[in-house]
Amino acid sequence: MPQDATREDLLSLTQKLLNAISAADWKTYEQLCDPSLTCFEPEARGHLVEGLGFHRYYFDLGASKSAVNITMVEPHVRVMGDVAVVSYVRLVQKLGPDSAPVTSQCEETRVWQRRGDAWRHVHFHRSLP
Ligand code: GLY
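Caption draft 1: Quick look at the overall build of the chain. Of regular secondary structure, the chain possesses three helices and six strands. Taken from the N to the C terminus, the helices and strands of the chain come in the order α-α-β-β-α-β-β-β-β. Taken over the C-alpha trace, the chain has a radius of gyration of 15 Å; the compact-globule value for 129 residues is 14 Å, and the two agree within 12%. Dimensions of the chain, computed from the C-alpha atoms along their principal axes, are close to 45 × 30 × 25 Å. By the burial criterion, 37% of the 129 residues in the chain qualify as buried.

Written out as structure tokens, the structure is:
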């Protein structure tokens, strides 16, 4: 088990990252990510994407107009020296087209690397159920 403070730091950073994605807050997202971020996510259609440009496209579209709430369910944190892996199911609550609340879910693994005092996001993998 990672030390409690490290675990809490990583969970807080990951929540901040997810909130930035939801709010289309590019400045915060860019600050948390390494420029060479790699990922597999459904939007990439089975390809490994490297760099931030692919993600910037979605931020430039703007945030959802409705309130959004993001929950990491049963997050697991594994720290291996200067690298950490955070895995969880992400629940997203928002209003659907008919203004009724809907919840979507996906599985995510996010990899962080510590550089000095700061953790930077270096890789993630998102799968749909
Ligand atoms: N698609 C951006 C992210 O999940 O980090």
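Caption draft 2: Region of interest: the pairing of strand S3 (residues 69-80). As defined by bridge partners, S3 adjoins strand S4 (residues 83-95) across ten bridges and the pair is classed as antiparallel. When the sheet's bridge partners are listed, Asn-69 is paired in S4 with Gln-93. Connecting S3 to the antiparallel partner S4 that follows it, the hairpin turn spans two residues, and Gly-81 within it adopts a positive phi of roughly 65 degrees.

Caption draft 3: Quick look at the sheet that holds S3. If you trace the six strands from one edge of the open sheet to the other, you get S2-S1-S6-S5-S4-S3, paired in mixed fashion. Each end of this open sheet is capped by a strand with a single partner; those strands are strand S2 (49-50) and S3. As defined by bridge partners, strand S5 (residues 101-115) adjoins strand S6 (residues 118-127) across nine bridges and the pair is classed as antiparallel. By the bridge assignment for S6, Arg-114 is matched with Trp-119. In this fold helix H1 (residues 4-23) packs onto strand S1 (33-40), S3, S4, S5 and S6, with an angle of close to 140 degrees to the strand it touches most, S3.

Caption draft 4: Region of interest: the environment of Ala-100. Positionally, Ala-100 belongs in the loop between S4 and S5. With 20 residues separating them along the chain, Ala-100 and Arg-120 place their C-alpha atoms 36 Å apart.

Caption draft 5: Structural detail: a nonpolar patch on the surface. Where nonpolar side chains cluster on the molecular surface, the patch consists of Tyr-57, Tyr-58 and Leu-61 and spans about 350 Å² of accessible area. On the basis of relative accessible area, Tyr-58 is assigned to the partly exposed category, the value being 36%.

Caption draft 6: Quick look at the site of the ligand. Contacts to the ligand come from Ile-21, Tyr-29, Glu-41, His-55, Arg-110, Phe-124 and Arg-126. Contact between the ligand and Tyr-29: an oxygen atom at 2.7 Å from a side-chain N or O atom of the residue. Arg-110 places a polar side-chain atom, nitrogen or oxygen, 2.8 Å from an oxygen atom of the ligand. Coverage of the ligand by the protein amounts to 93% of the 200 Å² it exposes when considered alone. According to the grid-proximity analysis, the pocket containing the ligand is the largest pocket.

What counts as what
- Residues numbered from 1 in each chain as written.
- Predicted model: local features only at pLDDT ≥ 70, side-chain atom pairs only at ≥ 80, totals over all residues.
- Heavy atoms only, no water.
- Helix = DSSP H or I, 4+ residues; strand = E, 2+ residues; numbered from the N terminus.
- Rg over C-alpha atoms; globule rule 2.2 N^0.38 Å.
- Buried < 20%, exposed > 50% of the residue type's maximum accessible area, 1.4 Å probe, protein only.
- Pairing = 2+ DSSP bridges.
- Contact = heavy atoms within 4.5 Å.
- Axes fitted to C-alpha atoms, helices over the stretch in contact; angles between N-to-C directions.
- Patch = residues over 30% accessible without salt bridge, like charges linked within 9 Å, V, L, I, M, F, W, Y side chains within 5 Å.
- Areas by Shrake-Rupley, 256 points an atom, 1.4 Å probe, with all protein chains shown as cover.
- Salt bridge = Lys/Arg side-chain N within 4 Å of Asp/Glu carboxyl O.
- Near = heavy atom within 4 Å.
- Polar contact = N/O pair within 3.5 Å; in protein donor to acceptor, adjacent residues only side chain to side chain.
- 1 Å grid on protein atoms, 1.4 Å probe; cavity = no way out; pocket = protein on both sides within 12 Å on 5 of 7 lines; lining within 4 Å.
- Sits in = over half its atoms within 2 Å of the grid points.

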